[in-house]
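So the chains spell out like this:
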Number of protein chains: 2
Amino acid sequence: MPPRCLQLANINPNFINMEYAVRGPLDIRAGEIEKELERGVKMPFDQVIRVNIGDCHAMGQQPVTFLRQLLTLTFEPRLLYSPDYPEDVKKRARLILDNCQGHSVGSYTDSAGLEVVRRQVAAFIERRDGGVPSDWQNIYLTGGSSPGIKSIVSLIHCQLDGKTPGVMVPIPQYPLYSGAITEYGMVKVDYYLEEETGWSLNRKELQRSFDECQQHCNPRALVVINPGNPTGQVLTRDNIVEIIKFAHDNQLLLLADEVYQDNVYDKNSKFYSFKKVMHEMGEPYSSQELVSFHSTSKGYLGECGIRGGYMEVMNLCPKVKAMLTKSITAALCSTTAGQVAVSALVNPPQPGEPSYERFISENNATLAALKERAELVYNALSGFEGYKVNPIQGAMYVFPQIEIPPKAIAAAKAKNMDPDVFYASELLETSGICIVPGSGFGQKPGTYHFRSTILPQTDKLKLMMEKFRVFHAEFMKKYK
Amino acid sequence: MPPRCLQLANINPNFINMEYAVRGPLDIRAGEIEKELERGVKMPFDQVIRVNIGDCHAMGQQPVTFLRQLLTLTFEPRLLYSPDYPEDVKKRARLILDNCQGHSVGSYTDSAGLEVVRRQVAAFIERRDGGVPSDWQNIYLTGGSSPGIKSIVSLIHCQLDGKTPGVMVPIPQYPLYSGAITEYGMVKVDYYLEEETGWSLNRKELQRSFDECQQHCNPRALVVINPGNPTGQVLTRDNIVEIIKFAHDNQLLLLADEVYQDNVYDKNSKFYSFKKVMHEMGEPYSSQELVSFHSTSKGYLGECGIRGGYMEVMNLCPKVKAMLTKSITAALCSTTAGQVAVSALVNPPQPGEPSYERFISENNATLAALKERAELVYNALSGFEGYKVNPIQGAMYVFPQIEIPPKAIAAAKAKNMDPDVFYASELLETSGICIVPGSGFGQKPGTYHFRSTILPQTDKLKLMMEKFRVFHAEFMKKYK
């Protein structure tokens, strides 16, 4: 090998430290197994079931007709004259095209996105929050929620009094946060969700985490994921009030990951936006700095590949907001396909419009199926020996605690694996089910978990649960 | 105002230092003027002509039918059964859908993009470069070229021997580079293109720049933009050989921005890819580490808003490449619309296929119109008093040097403006033409330039050139 300009020793060390467990070694192994199956290699199963990624369409969820028609009409405006498309969709497509330079989605939009879509987002938020005002100039359209989250994490990257900036994240957390924090060389400050009370969040634990990190970093922001990923809980209003007070009292920017706001299944749970609660609390809390993220990748749309999303930034100092805008400008703009998808999310057909009946029935069917699957998964796993499972109130995931017998822990150690990775790896190799070990999200030391989505179509999910049951029984028989 | 968690004093200082001139104050002012015109405010012109951004469709370039049909069929697969779409497009759409999880572009792709499209890109590069092999596993699909460039700049961010990493960029340069370098807190190392010899690049100047920067930074990479932005030159093969030797001798990663590879107008110029030249030079040069960027935003497609692009990374140490892949993984994947657009770029209809005639005639018409406009702009501006203009061999821009009379320089000073900004601002306010002052790209001290695109439709461009002529004559009369 010739000498290289770039070697591990002279590249960005943060790239080396970064982890992204959702697409870690097990995901790669799952891909290899799929290729082996294609080549006809004999396995104890005939397909890999990927419940490691919240990838709705990949698991058979059907696209919402209205959204795809809106995209089609904006890509091929000639179809605006076709009788095959409903008038309400055409009207929406024309409005978007009229607001694109040169009437083409092929032109750049403003860096923060098309004004017309940003205004639709603001109107959507006002409706959702019962009239709490939303300023369209606070809306930034993003390519999914990931780039938005990364831009905010990067914004607060500032060494103060010799201390590295820190971001408080829940444990367990979605690894996008740990990834971004590590990529920018910042400190991840863990606070634990309380598994015993349904993954709730309490102020005492926030305070402990905040106090302990002071020695080695300067905490600047607090991330909350509601409904929870990977934990599937929906925060109560009281819990949200507590969190807002804590952020305010400690001068922390609040980052509310609310991408699962439409995924609430439990009849006793309700989604409250941080913005609405903050507003209702009045001053000084209603002036709290907050960024809320939403996406077209989840909910009833599940359009992960299109990359649509938005963030609403609230109460930011105008000069700071100007810097955020400037930094986004250099990346030109987010994809217009994503922006059109956001428009579909926030400005859906209304009662009386020609597309309404179809839209609402598709929407309801998807959410009802997810609700059914949430119960199915919860009920099935709750019956497994040594499992502790919290009900899936929302989002798309279950995150059970599993008791791994000492003999299995020893077997894992012999293979130089964490016990939860060992369990997940055995599951993949013997049954083709691909889950993510809890260590990828973080868990209390000495406890073991995994995350599985609830996304396979119901029949397939039942089959999967049966395979899983057999695997677990065998595993326990072998190692107990 | 309540106290804020985030203030200018405690956010990322790199955000404050960043500049992105293409969308600077003049672009914002142009937007204000447009709104004033809409409200009926009287101006000395009835529309703003935006020649500040390389935004093809915004200036009336028509989308390529084949690309839009491919997008439509992948987003609405029901149309695969419509007789309105040619079979070759359907075949391509089916191939893409067959390679999407769940047969939907709504599912996530691999982080580096769909394997099928990456293979098409590799085949395209091999055809382009006369058989020089391309490995599809070196191809990363990106959302336009910007995110690719940013990820590579970030990859080499490593403090070595207490020195900050530097990136060598041409002056004038496209401000994406300065923006990314500043955002990551790295050092921009300027080397000057030689205006007198048609913006060519010589080794002596590269060496000067490299030597002088050693005291304050550690140069890691060399950026070359070919065809040039904002300068419009096409590098000769000899020039490319020189650059490759220089990069090799100084252990610099080569970043070749080749997004204008299809935009060559001068009959004596030819596009040579850095990869091909490197390959032909043989060892040790053929092992040089190189990243090449391409995009669907320019060329005959001009699909800026869709955000499609790719990068080919060559000769990278496998361990380093793995880190790059990992960092991309955390952003999940680039937009599928962009990936489909890349597929259209690299796998267009072939002779004999039903879409071929239409495709090739649209493609030729667009490139012929751009060639005509390049000549038109060059000829018009060459006649202006005090202008020095290099021929527009390629890309989409002209970057003339203008002599600004001392009286105008004094008038600019009185307004606290750079002279080139003053000139561009006067042009905007009196004629509605929006250009970018040379200082946004960098220029030799004491010289003044601006960048204008050649994108307005020919009739409009003629009108614009006449307005421009009148403005310049008045300006000279006033200040000479």
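Please read all numbers here as calculations on a predicted model, not as lab measurements.

Chemist: Quick rundown of the sheet that holds strand S2 (residues 139-142) of chain B? Include the residues and the values.
Modeler: Residue and element names in this part refer to chain B. The seven strands are arranged S2-S8-S7-S6-S5-S3-S4 in an open sheet whose pairing can be described as mixed. Looking at which strands have only one partner, the edges of the open sheet turn out to be S2 and strand S4 (187-192). Adjacent strand axes in the sheet meet at a mean angle of 25° when their direction is disregarded. In this sheet, S4 lies alongside strand S3 (residues 164-171) in parallel orientation, the contact comprising six bridges. When the sheet's bridge partners are listed, Gly166 is paired in S4 with Val187.

Chemist: Tell me about the interface of chain B and chain A, and please be specific about residues and values.
Modeler: With 90 residues of chain B at the contact, the number on the chain A side is 91 residues. Of the roughly 7,600 Å² buried where chain B meets chain A, counting both sides, 57% is carbon and sulfur surface. When the buried area of chain B at its contact with chain A is split by residue, Leu6, Phe15 and Tyr108 of chain B rank highest and sum to 10% of it. Counting across the chain B and chain A interface gives two salt bridges. A salt bridge links Lys35 of chain B to Glu115 of chain A; the shortest N-O distance between them is 3.2 Å. For the side of chain B that touches chain A, the secondary-structure elements that each account for two or more residues are helix H1 (13-17), helix H3 (65-75), helix H6 (145-155), helix H7 (175-183), helix H11 (318-329) and helix H12 (336-346) of chain B. The element contributing the most residues to the side of chain B that touches chain A is H11 of chain B, with seven residues.

Chemist: Give a description of the UniProt feature "domain: Aminotransferase class I/classII large" (unreviewed entry) in chain A that names residues and reports values.
Modeler: Listed under "domain: Aminotransferase class I/classII large" (unreviewed entry) in the UniProt record, and renumbered for this structure, are residues 86-454 of chain A. Span residues 86-454 of chain A is 41% helix and 16% strand, its end C-alpha atoms 33 Å apart.

Chemist: Describe helix H8 (residues 203-213) of chain A, listing the residues and the values that go with them.
Modeler: Residues and elements named next belong to chain A. Within the span of H8, buried status applies to Glu205, Leu206, Ser209, Phe210 and Cys213. Viewed along the axis of H8, the buried residues span an arc of 135°, placing them on a single side of the element. In this structure, the buried residues of H8 make contact with strand S3 (164-171), strand S4 (187-192), strand S5 (217-225) and helix H9 (237-249). Backbone nitrogen of Lys204 and a side-chain oxygen of the N-cap are separated by 3.0 Å at the start of H8; the cap is Asn202.

Chemist: Which residues make up the packing of H6 of chain B against H7 of chain B, and what are the values?
Modeler: Residues and elements named next belong to chain B. Where H6 meets H7, the axes come as close as 10 Å, and the angle between the chain directions of the two elements is 40°. The angle between H6 and H7 places the two elements in the oblique class. When you trace H6 past H7, the crossing you get is right-handed. Contact residues: H6 offers Ser146, Ile149, Lys150 and Val153, while H7 offers Leu176, Tyr177, Ala180, Ile181 and Glu183. By residue class, the composition of the contact of H6 with H7 is six nonpolar, one polar and two charged.

Chemist: Explain the packing of H8 of chain A against H9 of chain A residue by residue, including any values.
Modeler: All names here are of chain A. It is the contact of H8 with H9, at a shortest axis distance of 10 Å, that shows an interaxial angle of 25°. In this view, H8 runs roughly parallel relative to H9, as classed from their interaxial angle. Judged by the sense of rotation from one axis to the other, the crossing of H8 with H9 is right-handed. Residues Arg203, Leu206, Gln207 and Phe210 of H8 form the contact with H9, whose own contacting residues are Glu242, Ile243, Lys245, Phe246 and Asp249. Looking at side-chain class alone, the contact of H8 with H9 contains four nonpolar, one polar and four charged residues.

Chemist: I'd like to hear about the relation of the copies chain B and chain A, residue by residue, with values.
Modeler: When chain B is fitted to chain A, the best match, at an RMSD of 0.0 Å, comes from turning it 180° and sliding it 0.0 Å along the axis. A rotation of that kind, with that shift, is consistent with a two-fold axis. By C-alpha distance to the rotation axis, the residue of chain B lying nearest is Thr72 of chain B, at 2.7 Å.

Chemist: If you had to explain empty space enclosed by the protein to someone new, which residues and values would you point to?
Modeler: Over the atoms, a rolling probe the size of a water molecule traces out where space has been left empty. Applying the stated criterion to the full structure yields six cavities of 30 Å³ or more. Its volume calculated, the largest cavity comes out at about 1,100 Å³. Around the largest cavity, the lining is made up of 44 residues, and of these Pro147 and Ala331 of chain A together with Pro147, Lys150 and Ala331 of chain B lie nearest the centre. At the level of elements, strand S2 (139-142), helix H6 (145-155) and helix H11 (318-329) of chain A together with S2, H6 and H11 of chain B are the ones that each hand at least two residues to the lining of the largest cavity. Grouping the constituent residues of the lining of the largest cavity by class yields 18 nonpolar, 20 polar and six charged.

Chemist: Hey, could you go over the environment of Leu222 of chain B for me, with residue numbers and the actual values?
Modeler: Tracing the sequence through the fold places Leu222 of chain B in strand S5 (residues 217-225). In this structure, the C-alpha to C-alpha distance between Leu222 of chain B and Pro170 of chain B, residues 52 residues apart in sequence, is 8.7 Å.

Chemist: Tell me about the pairing of S5 of chain A, residues and numbers included.
Modeler: Residue and element names in this part refer to chain A. Among the nine residues of S5, nine are classified as buried, and the element is accordingly described as predominantly covered. In this sheet, S5 lies alongside S3 in parallel orientation, the contact comprising five bridges. If you follow Thr164 over to S5, its bridge partner there is Cys217. Read from S5 through H9 to strand S6 (residues 253-257), the crossover connection turns out right-handed.

Chemist: Summarise the sheet that holds strand S7 (residues 290-295) of chain A; cite the residues concerned and give the values.
Modeler: All names here are of chain A. Spatially, seven strands are ordered S2-S8-S7-S6-S5-S3-S4 in an open sheet, and the strand pairing comes out mixed. This sheet does not close on itself; its edge strands, each paired only once, are S2 and S4. Mean inter-strand twist for the sheet, computed between neighbouring axes without regard to direction, equals 25°. Where S5 lies against S6, five bridges are found, and the strand directions are parallel. Bridge pairing links Val223 to Leu255 in S6. Running at roughly 160° to S5, H9 makes contact with S3, S5 and S6 of the sheet.

Chemist: Provide a residue-level description of the pairing of strand S14 (residues 448-453) of chain B, including the pertinent values.
Modeler: All names here are of chain B. For S14, the tally of buried residues reaches six of six residues, placing the bulk of the element in the interior. Because side chains alternate across S14, one face comprises the buried residues Tyr448, Phe450 and Ser452, and the other comprises His449, Arg451 and Thr453, equally buried. Of the pairings in the sheet, the one linking strand S10 (residues 397-398) to S14 comprises two bridges and is antiparallel in character. Bridging from a neighbouring strand, Val398 pairs with Ser452 of S14.

Cut-off values and rules
Residues numbered from 1 in each chain as written. Chains lettered and ligands numbered in written order. Predicted model: local features only at pLDDT ≥ 70, side-chain atom pairs only at ≥ 80, totals over all residues. Heavy atoms only, no water. Pairing = 2+ DSSP bridges. Helix = DSSP H or I, 4+ residues; strand = E, 2+ residues; numbered from the N terminus. Axes fitted to C-alpha atoms, helices over the stretch in contact; angles between N-to-C directions. Contact = heavy atoms within 4.5 Å. Buried area = accessible area lost by both parts, 1.4 Å probe. Salt bridge = Lys/Arg side-chain N within 4 Å of Asp/Glu carboxyl O. UniProt positions renumbered as here; feature names shortened; annotations may be inferred. Buried < 20%, exposed > 50% of the residue type's maximum accessible area, 1.4 Å probe, protein only. Arc of directions from axis to C-beta. Polar contact = N/O pair within 3.5 Å; in protein donor to acceptor, adjacent residues only side chain to side chain. Parallel < 35°, antiparallel > 145°, perpendicular 65-115°, else oblique. Left-handed = near helix turned anticlockwise from the far one by under 90°. Nonpolar A, V, L, I, M, F, W, Y, C, P; charged D, E, K, R; others polar. Least-squares fit on C-alpha atoms with pLDDT ≥ 70 in both. 1 Å grid on protein atoms, 1.4 Å probe; cavity = no way out; pocket = protein on both sides within 12 Å on 5 of 7 lines; lining within 4 Å. Points joined across faces, edges and corners; volume = space filled by probe spheres on them. Right-handed = clockwise from strand over helix to strand, strands pointing away.

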